[in-house]
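Tertiary structure, described
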Amino acid sequence: MWSNYFSRIMTTILLIPNVNVLVTAWENTRGVTSETGQSFSQYAPAIRDSVRDGLLGLTDVVGRVVVNPKTDGRGVILEGTDAIFAKNRLDNRKLVPINELFNFGNQEKQSKQED
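Below is a summary of the structure that appears in this document. (Residues numbered from 1 in each chain as written. Predicted model: local features only at pLDDT ≥ 70, side-chain atom pairs only at ≥ 80, totals over all residues. Heavy atoms only, no water.)

Side note on the environment of Arg52
Which entries qualify depends on this criterion: Strands are runs of DSSP state E lasting at least two residues, helices are runs of H or I lasting at least four, and both sets are numbered from the N terminus onward. Any two residues whose heavy atoms approach within 4.5 Å at even a single point are treated as in contact.
With respect to the element layout, Arg52 can be found in helix H2 (residues 49-58). C-alpha separation for the pair Arg52 and Ser7, spaced 45 residues apart in sequence, amounts to 8.6 Å. With near-sequence residues (within four places) excluded, Arg52 lies in contact with Arg30, Ala44, Pro45, Ile47 and Phe85.

Quick look at the packing of aromatic side chains
Filter applied, for reference: Aromatic rings from Phe, Tyr and Trp, taking only the six-membered ring of Trp, are treated as a pair when their centres fall within 6.5 Å; an angle between ring planes under 30 degrees marks them as stacked, one over 60 as edge-to-face, and anything in between as tilted. Look at NZ for Lys and CZ for Arg. If either is within 6 Å of the ring centre and within 35 degrees of the ring normal, a charge sits over the ring.
All told, the structure shown has zero aromatic pairs when counted by the stated rule. Across the ring face of Tyr43, the terminal group of Arg64 is positioned such that the distance to the ring centre comes to 3.9 Å.

A look at H2
Our working definition: For the exposure calls, accessible area comes from a 1.4 Å probe over protein chains only, and a residue counts as buried if that area is under 20% of its type's maximum, exposed if over 50%, partly exposed in between. What the arc covers is the set of directions going from the helix axis to the C-beta atoms.
Burial in H2 covers these residues: Val51, Arg52, Leu55 and Leu56. On an axial view of H2, the arc spanned by its buried residues comes to 115°, and they lie on one face.

Some points on the environment of Arg93
Using the following cut-off: Residues adjacent in sequence count toward polar contacts only when both atoms are side-chain atoms; beyond that, a polar contact is any pair of N or O atoms within 3.5 Å, and within protein one must be able to donate a hydrogen and the other to accept it.
Checked against the element boundaries, Arg93 lands in the loop between strand S6 (87-88) and strand S7 (95-97). Judged by its relative accessible area of 12%, Arg93 falls in the buried class. Sequence separation of Arg93 and Leu78 is 15 residues, and the distance between their C-alpha atoms is 6.8 Å. A distance of 3.0 Å separates the side chain of Arg93 from the side chain of Asp91, its partner in a polar contact. Engagement of the side chain of Arg93 in a polar contact is seen with the backbone oxygen of Leu101, the distance being 3.0 Å.

Quick look at the sheet that holds S7
What counts, and what does not: Note on pairing: DSSP must find at least two bridges between two strands before they are called paired. Each axis is a line fitted through C-alpha atoms, and for a helix only the stretch in contact is used; angles between axes span 0 to 180 degrees, taken between their N-to-C directions.
With respect to topology, three strands assemble into an open sheet ordered S4-S5-S7, the strand pairing being antiparallel. One side of each edge strand has no neighbouring strand; the edge strands of this open sheet are strand S4 (64-67) and S7. Along the sheet, successive strands turn relative to each other by an average axial angle of 30°, direction set aside. Pairing geometry for strand S5 (residues 74-77) and S7, over three bridges, is antiparallel.

A closer look at a nonpolar patch on the surface
This is how the line gets drawn: Here the term patch refers to residues with relative accessible area over 30% and no salt bridge, with like charges joined within 9 Å and nonpolar side chains (Val, Leu, Ile, Met, Phe, Trp, Tyr) within 5 Å. Only the protein chains shown count as cover for residues, with accessible areas throughout obtained via the Shrake-Rupley method and a probe of 1.4 Å. Take a side-chain nitrogen of Lys or Arg and a carboxyl oxygen of Asp or Glu: if they are within 4 Å of each other, that pair is a salt bridge.
Residues Ile16, Val19, Val21 and Val23 make up a contiguous nonpolar surface patch of about 270 Å² in total accessible area. The residue Val21 is located in the loop between helix H1 (2-14) and strand S1 (27-33) in this model. On the accessibility criterion, Val21 (33% relative accessible area) is partly exposed.

In structure tokens:
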């Protein structure tokens, strides 16, 4: 019952104009077999499949936080693969340091300043 209620609340909140929402979730690993028979592990938010698919479908950005073991720096993967749930419909970044995650559209300004 809670999953359905949560899904309806999130859908309502995400459809409010000019409201930014940050949602976090634990991560699960699940086994997936492709149409060609290849098996691999997929990293996905630990949310019931139907709720996850509906929620992520409404959002413009879905990322996977990763930690670089050499530097302990944190980053966010913004480009999805068969193994990772991720997308970025706001700009063309595919990977970003975590402290720059919300700088959407600023990469052109930053690259001009660096030149």
